[in-house]
Amino acid sequence: MFRQTGPDLVFADGLLKRGLVVRLLVLPNDVGSVAESIEWIRDELSPRVAISLMAQYYPDASGRN
């Protein structure tokens, strides 16, 4: 995808029309893997790739999913 879109983000009317945003889910007690993922994106793609960190995940203590 990065090869197709390149490093530039193009917005129109508040929406992303062209570019790449990588969304990373931050799991509880696993922040280290996020750092590894960000480093990989920087090294293998570009330091200009937009990253969206998501921390919305919370395990359900009741055992129901």
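The rules we used
Residues numbered from 1 in each chain as written. Predicted model: local features only at pLDDT ≥ 70, side-chain atom pairs only at ≥ 80, totals over all residues. Heavy atoms only, no water. Helix = DSSP H or I, 4+ residues; strand = E, 2+ residues; numbered from the N terminus. Buried < 20%, exposed > 50% of the residue type's maximum accessible area, 1.4 Å probe, protein only. Contact = heavy atoms within 4.5 Å. Patch = residues over 30% accessible without salt bridge, like charges linked within 9 Å, V, L, I, M, F, W, Y side chains within 5 Å. Areas by Shrake-Rupley, 256 points an atom, 1.4 Å probe, with all protein chains shown as cover. Salt bridge = Lys/Arg side-chain N within 4 Å of Asp/Glu carboxyl O.

Asker: Explain the overall build of the protein chain to me, please; I cannot follow it from the model alone.
Answerer: Along its length, the protein chain carries two helices and four strands. Traced from its N-terminal end to its C-terminal end, the protein chain shows the element sequence α-β-β-β-α-β. Looking at the protein chain residue by residue over its 65 residues, the buried ones come to 22%. When contacts within the protein chain are restricted to residue pairs at least 6 apart in sequence, those whose partners lie at least 24 apart make up 50%.

Asker: Mind showing me how you'd approach a nonpolar patch on the surface here?
Answerer: Nonpolar side chains collect at one region of the surface, where Leu 9, Phe 11, Leu 16 and Val 21 lie side by side and expose about 330 Å² of accessible area between them. If you trace the backbone, Leu 16 turns up in strand β2 (residues 15–18). Look at Leu 16 and you get partly exposed, because its relative accessible area is 34%.

Asker: Just checking my understanding: could you explain the environment of Ile 41 for this structure?
Answerer: Note on placement: Ile 41 falls in helix α2 (residues 31–45). Between the alpha carbons of Ile 41 and Val 22 there is a distance of 8.7 Å; along the sequence they are 19 residues apart. Sequence-distant contacts of Ile 41, defined by excluding residues within four places in its chain, comprise Val 22, Leu 24, Ser 46, Val 49 and Ile 51.

Asker: Which parts of the structure should I look at to understand the environment of Met 1?
Answerer: Along the chain, the position of Met 1 falls in the segment before α1 (2–5). Residue Met 1 is classed as exposed on the basis of its relative accessible area, which comes to 60%. It is 7.2 Å that separates the C-alpha atoms of Met 1 and Leu 20, two residues lying 19 residues apart in sequence.

Asker: I would appreciate a short explanation of the pattern of salt bridges in the present structure.
Answerer: As enumerated under the stated definition, the model contains two salt bridges in all. The partner of Arg 48 in a salt bridge is Asp 8, and the shortest N-O contact between them spans 2.9 Å. Here the residue Arg 48 occupies a position in the loop between α2 and β4 (50–54), and Asp 8 occupies one in the loop between α1 and β1 (10–12), the gap between them amounting to 40 residues. The closest approach of N and O atoms between Arg 42 and Asp 43, which form a salt bridge, is 2.8 Å.

The quantities given are spatial measurements derived from coordinates; they are silent on function.
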